[in-house]
Amino acid sequence: MVGEHFAMSLRCVGGLLRVICCAIVACSLHHQAAAVDAVPIEIEVSGVDDPLRSNIRAHLVSLELEQFASGPRRERRIDVAIRRAAAAVGHYDIDYVLSWQAQVLTVQVEAGPVVRWVKPQLRVADDAILDVAVLGPTLVHPFVIGEAMNHEVYDRFKRQWLDTARAHGFLDAHYSESRLRIEPEELRAKAILTLHGGPRYRISSVSFNGGSINQKMLRRYSPLRRGEYFRWNRVNILRRNLERSGYFRLVNVETVVDEAEHTVAVLVELIDGATHDVGIGIGFATDTGLRSRLRWNIPRFNRYGHSLYTQALLSEPLQELSTTLRIPLTDPLYRSFNISAGWERRRVESTTTKVGSLDARLMDQWWDNWLTSFGIGYNRETSEEGDEVSLLTSYL
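Bear in mind that the values here come from a model prediction, so they are computed numbers and not experimental data.

We now examine the sheet that holds strand S2 (residues 94-101). An order of S1-S3-S2 is seen for the 3 strands of this open sheet, with the pairing classed as mixed. The sheet terminates laterally at strand S1 (42-46) and S2, the two strands that pair on one side only. Within the sheet, the average angular offset between the axes of one strand and its neighbour, ignoring direction, is 20 degrees. Examined bridge by bridge, S1 and strand S3 (residues 104-111) share 5 bridges and lie parallel to one another. Bridge pairing in S3 links isoleucine 43 to leucine 105. The sheet strands contacting helix H2 (residues 52-63) are S1 and S3, and the helix crosses S1 at an angle near 155 degrees.

See below:
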């Protein structure tokens, strides 16, 4: 008997569990179907201008009100969202009226006086005050006296000031005091920030690993020097310079911070790019007929960073061949010594002209579209009429 009662109890419990599971699944499916079928609620805000209007609307849209049934719970969420949105832009005294029409919620807002900025209290507590970039924000800041307070302005300035200090080598920078003091009754908001820069970090070493270009040439691309103050923007310049050199397919720059010594080691990993870059083209022109062009670039001609560029043009009346050896100098991206040689043969009816050239130039690029060059060139030109040389010209 005991065994039978026990078995019956188990069957009852099992049946009850199946009922509960079915109910849960049905409820879940119901909510999923409701979420899929829910029609988005359109939000309209009137009675006020931007930024208050757009901020209230953004907060209400983020609630996804169509997911909630009408009632006190949804009304509470709406109230909290409206007041938070208003406070964020300096309005702590507001009234509003909600009106629903189908899937459109209209919020009629009446806003009281706005809280405005007063003179902020911005202070640098240690030697970071000696750096102009860190001190500058205490003199030029967004907290304009008399303008409407905005929490986003405070948060953005607070983040950017700290980032500026760290970017200039104060890697341990932090705020010992950071608060936004708001007095709604007095309609005043005051930003209070005290920045501690801490020790300023220096560069302990800059090392290059990988790649076939020698160390002396690689260091010409680096604005970082051992013993100088660490600056993040110079690390970025180093990476950009190496990427623009055309030597490498991968440039990876890492920093290793020694908190005890207050130094930063910069490690650069390099992987060479393609040894050759070849391009071939075939076309047609009315003056030359069918023609072909070959372009051959060797970005790393040797371990000293020299590069060699050659191109050739072949058609029935015109043949050209030119090559340029580029030797990078102290500022390798913008300053180089170029040696060029070329040959051209052109036939017009029965006259054939041949031109050979040799050129050596010092090239300086000042800006993207400004280039100066100083050099000397030699050209030798001959013209032939049949088998006779009719003209020979040489000039520098």
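The structure having been displayed, the exposition proceeds.
Glancing now at the packing of H2 against helix H3 (residues 72-88). Relative orientation of the contacting elements H2 and H3 amounts to 145 degrees, with a least axis distance of 8 Å. The chirality of how H2 crosses H3 is right-handed. Across the interface between the two elements, Leu52, Asn55, Ile56, His59, Leu60 and Leu63 from H2 touch Arg77, Ile78, Ala81, Ile82, Arg84, Ala85, Ala86 and Ala88 from H3. Split by residue class, the contact of H2 with H3 holds 10 nonpolar, 2 polar and 2 charged.

We now examine the nonpolar core. Phe208, Leu242, Phe248, Val268 and Leu270 are the most contacted members of the largest nonpolar core, which totals 23 residues. Looking at this core, the elements with two or more residues in it are strand S8 (202-209), helix H6 (215-220), helix H7 (232-244), strand S9 (248-258) and strand S10 (263-272). Per element, the largest residue contribution to this core is 4 residues, and it comes from S10. Not counting the four nearest positions on each side in its chain, valine 268 is found in contact with Ser207, Phe208, Asn209, Leu238, Leu242, Asn252 and Val253. Among the nonpolar cores identified, the runner-up in size contains 22 residues, and Val124, Ala165, Leu180 and Leu193 belong to it.

It is worth spelling out a nonpolar patch on the surface at this point. On the surface, a cluster of nonpolar side chains totalling about 400 Å² of accessible area is made up of Val278, Ile280, Leu294 and Trp296. When residues of the nonpolar patch are traced back to their parent elements, those giving at least two are strand S11 (277-285) and strand S12 (289-298). Among the structural elements, isoleucine 280 can be located in strand S11.

Further remarks concern the pairing of strand S15 (residues 335-348). As judged from the 11 bridges shared by strand S14 (residues 318-328) and S15, these two strands associate in the antiparallel manner. Across the sheet, residue glutamine 319 finds its bridge partner in S15, namely arginine 345. Here S14 folds back onto S15 in antiparallel fashion, the turn holding 6 residues. Bridge count between S15 and strand S16 (residues 351-367): 14 bridges; the pairing is antiparallel. Paired with arginine 335 across the strands is aspartate 364, a residue of S16. Connecting S15 to the next strand, S16, in antiparallel fashion are 2 residues, including glutamate 349 with a positive phi near 55 degrees.

Reading the values: rules and limits
Residues numbered from 1 in each chain as written. Predicted model: local features only at pLDDT ≥ 70, side-chain atom pairs only at ≥ 80, totals over all residues. Heavy atoms only, no water. Pairing = 2+ DSSP bridges. Helix = DSSP H or I, 4+ residues; strand = E, 2+ residues; numbered from the N terminus. Axes fitted to C-alpha atoms, helices over the stretch in contact; angles between N-to-C directions. Contact = heavy atoms within 4.5 Å. Left-handed = near helix turned anticlockwise from the far one by under 90°. Nonpolar A, V, L, I, M, F, W, Y, C, P; charged D, E, K, R; others polar. Core = buried A, V, L, I, M, F, W, Y, C linked by side-chain atoms within 4.5 Å. Buried < 20%, exposed > 50% of the residue type's maximum accessible area, 1.4 Å probe, protein only. Patch = residues over 30% accessible without salt bridge, like charges linked within 9 Å, V, L, I, M, F, W, Y side chains within 5 Å. Areas by Shrake-Rupley, 256 points an atom, 1.4 Å probe, with all protein chains shown as cover. Salt bridge = Lys/Arg side-chain N within 4 Å of Asp/Glu carboxyl O.

By themselves, these figures tell us nothing about what the structure is for.
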